Amino acid sequence: MPPLNPARAAGPADPARAADPARAAGPADPAREPVTVLGLGAMGSVLAAAFLAAGHPTTVWNRSAAKAEPLAARGAVRVATPAEAVAAGPLIVACVLDYDALRAVLAGTEALLPGRTLVNLTSGSPEQARELAGWAAEHGLAYLDGAIMITPPGIGGPDATLLYSGAPGALARHRDTLAVLGDQVDLGPDAGLAGLYDTALLGLMWSSLSGWLQGVALVGADGVRAADFTPVATRWLAGAVAGFIGRYAAQADAGAYPGDDASLTVHLAAMEHLLHAARARGVDTALPELLARQTEQAIEAGHGADSYARLIEGIRK
Ligand code: FVH
């Protein structure tokens, strides 16, 4: 696994201030790195508040100027144009709706970009990130793509993880400043990797959430409350299921799937129980049908004795 941020592990100088963006910001500490934040939506406002709370001199810009007012009241320098924002310091953190919006914001700032670092926390595709990295390189701008794996209230908190990839050395140069946002996973120099991991992890989240909802519906049909089912579910996910994934990762990389823990044939039989229980209770069966279909296809192809990880072959196509 890529290393988590050692700076974060050591903690920012004043962790309490940094971890709670809602706390009143103190005066900016001139010893701390100045930061510019472009985009003050739900996420950008919290990012800027976290930098302010940690004492960073913080310059903010937003298309709709009114969103900068609460931050200005807490000590941020509010500027009227993206050019003024870019010129304010070496580190620019952007968090706008999408890459088209960011391109529009940066248009006209090109002459100011050389020597600065752009940390782009706007969500996008790996292809968009690589294209923007190329554009940044043409303009002498160090480009670090980032993905925020938490919602705004979690920024600076214990579950906040941010994925970074892009210009070599950029994360190391700004590691302490960015540490106030959350733990850092450094994915290396390919600017596209942060976005690629982001989409893969969101897919994992949606699959997990839907699986949990399926379970909630199933047990709920027999009168069990979600609140009673959920502690059992999270223990199972964090323990046994996480363990399966750890083992199957090696199988997926090796392309060999010994079914010595549980074979696909055994899995399919259990899926039939799930389908039966769901149908008997009038619960939707779309998700278990998908799983059973993928498993049946692998068995029909002669892999019934293999582990669940064998399904990667059908998913990869
Ligand atoms: N909110 C979340 O939980 C997720 C967590 C993971 C990462 N995402 C991504 O962060 C980006 C911003 O999301 P957001 O939640 O802050 O979104 P909004 O509150 O809707 O703010 C959008 C900001 O973008 C500005 N903006 C939109 N279009 C333009 C444009 N053409 N030119 C300049 N700025 C633009 C908007 O400005 P305004 O409407 O206030 O004037 C906001 O500042 C996003 O990529 C998430 O996927 C958040």
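Each remark here, short or long, concerns the structure printed above.
Residues numbered from 1 in each chain as written. Predicted model: local features only at pLDDT ≥ 70, side-chain atom pairs only at ≥ 80, totals over all residues. Heavy atoms only, no water.

(A) Quick peek at the site of the ligand. Among the 20 residues in the neighbourhood of the ligand, the closest are listed as A42, M43, N62, S64 and K67. The contact in question runs from an oxygen atom of the ligand to an N or O atom on the backbone of L40, over 3.3 Å. Taking 900 Å² as the accessible area of the ligand by itself, protein coverage stands at 74%. Taken atom by atom, the bulk of the ligand overlaps the second largest pocket. (Near = heavy atom within 4 Å. Polar contact = N/O pair within 3.5 Å; in protein donor to acceptor, adjacent residues only side chain to side chain. Areas by Shrake-Rupley, 256 points an atom, 1.4 Å probe, with all protein chains shown as cover. 1 Å grid on protein atoms, 1.4 Å probe; cavity = no way out; pocket = protein on both sides within 12 Å on 5 of 7 lines; lining within 4 Å. Sits in = over half its atoms within 2 Å of the grid points.)

(B) Looking closely at the side chain of T285. Position of T285 among the secondary structure elements: in the loop between α11 (264-280) and α12 (286-303). Taking the relative accessible area as the measure of exposure, T285 reaches 13% and is therefore buried. Non-local contacts of T285, meaning those with residues more than four positions away in its chain, are made with L275, A278 and R279. (Helix = DSSP H or I, 4+ residues; strand = E, 2+ residues; numbered from the N terminus. Buried < 20%, exposed > 50% of the residue type's maximum accessible area, 1.4 Å probe, protein only. Contact = heavy atoms within 4.5 Å.)

(C) Molecular detail of the pairing of strand β1 (residues 35-38). Residue alternation in β1 divides its side chains into two sets, V35 and V37 and T36 and L38, and both sets are buried. Note that β1 and strand β2 (residues 58-61) share four bridges and pair parallel. Directly across from V37, in β2, lies its bridge partner V60. Bridge count between β1 and strand β4 (residues 91-94): four bridges; the pairing is parallel. Considered in β4, the bridge of V35 is made with L91. (Pairing = 2+ DSSP bridges.)

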